[in-house]
Amino acid sequence: MTDTAGKPVGPGPGAGASATGDGLIRRRRRWARNSALGAAVLLVVAAGAGWAVYARLSANITADEAAAAELARFERERPTALVRDAQNILLIGSDTRAGAGNGTYGKDAGTERSDTTILLHLAADRHSATAVSLPRDLMVDVPGCGQKDGGRSDPVFAMFNHAFQVGGPACTIRTVEKLTGIRIDHHVVLDFSGFKEMVDAVDGVEVCLKEPVDDKAAKLKLPAGKVRLDGEQALGFVRARKSLGNGSDTERMERQQRFLGALVNKVQSSDVLLNPVKLYPVLDAATSSLTTDPELASLSGLYQLVRGLRDIPTERVQFLTVPRESYVYDANRDQLVEPQAEMLFARLRADRPVVVTQENAQEIPGQDTGSGTADDPSPAPTFRGRTAAEQTCE
């Protein structure tokens with residue numbers, strides 16, 4: 001384009017600015033589109049990875065459909081839950097030698113028993129948790145139960161761990177419900193290998209030993225004082241009987257309670273729950289070792305159960321053994337101490353406070369403290385036990 005003199009005419013200042021601005025805007029729009037696309041891709045990748053992790057961890061958990069079916073069959077016989085939102089979970093440690101990593105603890109005879117059983121009561125307001133150990137040698141009424149071969153066992157008066165041996169978790173749950181009158185909402189079964197992996201996943205748990213330990217049967221040799229136990233050592237520590245304490249199952253249960261208290265302290269005092277890098281191996285170890293009722297057999301199910309537990313202070317996490325004494329016909333067996341045992345069960349059924357103390361260890365458990373609360377004016381009985389906040393040594 002030229003003027004009347006034939007000279008080229010360039011764009012005026014306004015036209016030049018407009019053209020440059022259009023190009024800049026187009027480049028910015030392309031950058032924005034590419035950035036948005038990149039962000040979208042990253043989001044999809046992250047979501048896909050998250051879903052893959054979620055799916056993997058959920059798939060690790062074994063749903064106990066057989067127990068659910070057996071319990072449904074006897075629904076009319078089961079206790080009614082008295083307090084909404086309170087939860088009772090039966091934690092069962094299996095002594096099976098089947099499965100990866102379990103054969104080193106003995107031969108697989110084709111049967112398994114409940115090596116450890118704990119009734120965990122979570123208060124409806126999630127301000128406290130009470131874990132009650134049930135002795136495996138406790139003499140109880142075991143109902144007739146469905147067996148793996150399709151048959152049914154006969155009702156029998158036998159040791160408590162006989163229930164798991166003949167009828168698995170469902171038989172154990174029915175036995176506990178018959179014994180306590182407490183409705184069991186969920187159950188979790190963990191084997192030897194799973195226990196070890198859990199401890200290793202949190203980088204070990206520290207305990208205090210008043211004396212050195214040398215137990216060949218448990219393959220455990222430890223010095224006195226503060227010791228950090230890895231998974232293998234922790235398993236030996238909670239299972240040993242011959243070289244620790246007086247060799248009784250009651251003393252062993254108290255040791256298990258001390259260890260669980262230390263484990264609770266370890267998890268709450270570290271940043272495991274807030275650090276994905278640390279949390280993943282813990283979840284992977286936990287879920288790959290669990291057999292649970294179908295409702296809990298997913299990450300979402302477990303999350304719904306434990307999400308309120310993070311805020312429970314360690315002094316409100318309590319451990320005790322059901323009031324027991326030597327069985328009148330066999331000193332190597334146990335029986336409940338009444339009325340203290342029923343007093344404990346009644347408090348748990350009604351979701352009322354239970355107080356534990358290590359003091360006055362020689363007194364009969366279940367004594368009246370003479371104090372109540374505004375919500376529960378009746379005095380809270382005191383039982384021998386401990387909280388997760390109490391240290392075994394300094």
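As the structure is a prediction and not an experimental result, all values here were calculated from the model.

Calculation rules
- Residues numbered from 1 in each chain as written.
- Predicted model: local features only at pLDDT ≥ 70, side-chain atom pairs only at ≥ 80, totals over all residues.
- Heavy atoms only, no water.
- Helix = DSSP H or I, 4+ residues; strand = E, 2+ residues; numbered from the N terminus.
- Contact = heavy atoms within 4.5 Å.
- Areas by Shrake-Rupley, 256 points an atom, 1.4 Å probe, with all protein chains shown as cover.
- pLDDT = per-residue confidence, 0-100.
- Disulfide = S-S within 2.5 Å.
- Buried < 20%, exposed > 50% of the residue type's maximum accessible area, 1.4 Å probe, protein only.
- Axes fitted to C-alpha atoms, helices over the stretch in contact; angles between N-to-C directions.
- Nonpolar A, V, L, I, M, F, W, Y, C, P; charged D, E, K, R; others polar.
- Polar contact = N/O pair within 3.5 Å; in protein donor to acceptor, adjacent residues only side chain to side chain.
- Core = buried A, V, L, I, M, F, W, Y, C linked by side-chain atoms within 4.5 Å.

A. Highlighting the overall build of the protein chain. Helix and strand content of the protein chain: nine helices and 18 strands. A fraction of 65% describes how many contacts in the protein chain between residues 6 or more apart in sequence connect residues 24 or more apart. Working note: accessible area of the protein chain is about 21,300 Å², and carbon and sulfur atoms make up 54% of it.

B. Examining the confidence of the model for the protein chain more closely. With 71% of its residues at a pLDDT of 70 or more, the protein chain has an overall mean of 79. Mean pLDDT across the elements of the protein chain ranges from a minimum in strand β17 (residues 367–368), with 54, to a maximum in strand β5 (residues 139–142), with 97. Across residues 40–47, confidence stays below pLDDT 50; counting only partners more than four residues off in sequence or on other chains, it has zero contacts. In this model residues 97–111 is a low-confidence stretch, pLDDT under 50, and it forms 22 contacts with partners more than four residues away in sequence or in other chains.

C. Spotlight on the state of the cysteines. Summed over the entire model, instances satisfying the criterion amount to one disulfide. Covalent S-S linkage joins Cys145 and Cys171, the inter-sulfur distance amounting to 2.1 Å. For the disulfide bridge between Cys145 and Cys171, the dihedral angle about the S-S bond is near 70 degrees, and by the sign convention the bridge is right-handed. Taken together, the residues span a long stretch of sequence, with Cys145 in the loop between β5 and β6 (156–159) and Cys171 in helix α3 (residues 162–180) at a distance of 26 residues. No difference in accessibility class separates Cys145 from Cys171, as the two residues are buried.

D. Structural context of the environment of Val202. Residue placement: Val202 occurs in the loop between α4 (192–201) and β8 (205–209). For Val202, a relative accessible area of 6% translates into the label buried. As for Val202 and Leu263, which are separated by 61 residues in sequence, their C-alpha atoms are 8.7 Å apart. In contact with Val202, not counting residues within four places along its chain, are Leu263, Lys266, Val267 and Val282.

E. A look at the packing of helix α5 (residues 231–239) against helix α6 (residues 249–269). Running from N to C, α5 and α6 point in directions that differ by 145 degrees, and their axes come no closer than 8 Å. From α5, Ala234, Phe237, Val238 and Arg239 reach across to α6, where they touch Arg252, Arg255, Gln256 and Phe259. Considering only residue class, the contact of α5 with α6 consists of four nonpolar, one polar and three charged.

F. How the structure looks around the environment of Asp351. Relative to the helices and strands, Asp351 is located in the loop between α9 (340–349) and β16 (355–357). Remark: the alpha-carbon pair of Asp351 and Val83, spanning 268 residues in sequence, is separated by 6.7 Å. Once you skip the residues sitting within four places of it in the chain, Asp351 turns out to touch Val83, Ala86, His121, Ala123 and Ala124. Only 3.1 Å separates the side chain of Asp351 from the backbone nitrogen of Ala124, close enough to count as a polar contact.

G. Inspection of the nonpolar core at higher detail. Leu90, Leu119, Val132, Val322, Leu344, Phe345 and Leu348 are the most contacted members of the largest nonpolar core, which totals 32 residues. Elements with a contribution of two residues or more to this core: α2 (65–73), β2 (87–94), β5, α3 and α9. If you tally residues by element for this core, the top one is α3, at seven residues. Here Val322 is in contact with Val132, Ser133, Leu134, Pro135, Leu336, Ala341, Leu344 and Phe345, once residues within four sequence places are set aside. Phe192, Ala201, Leu209 and Leu220 belong to the second largest nonpolar core, which has 22 residues in total.

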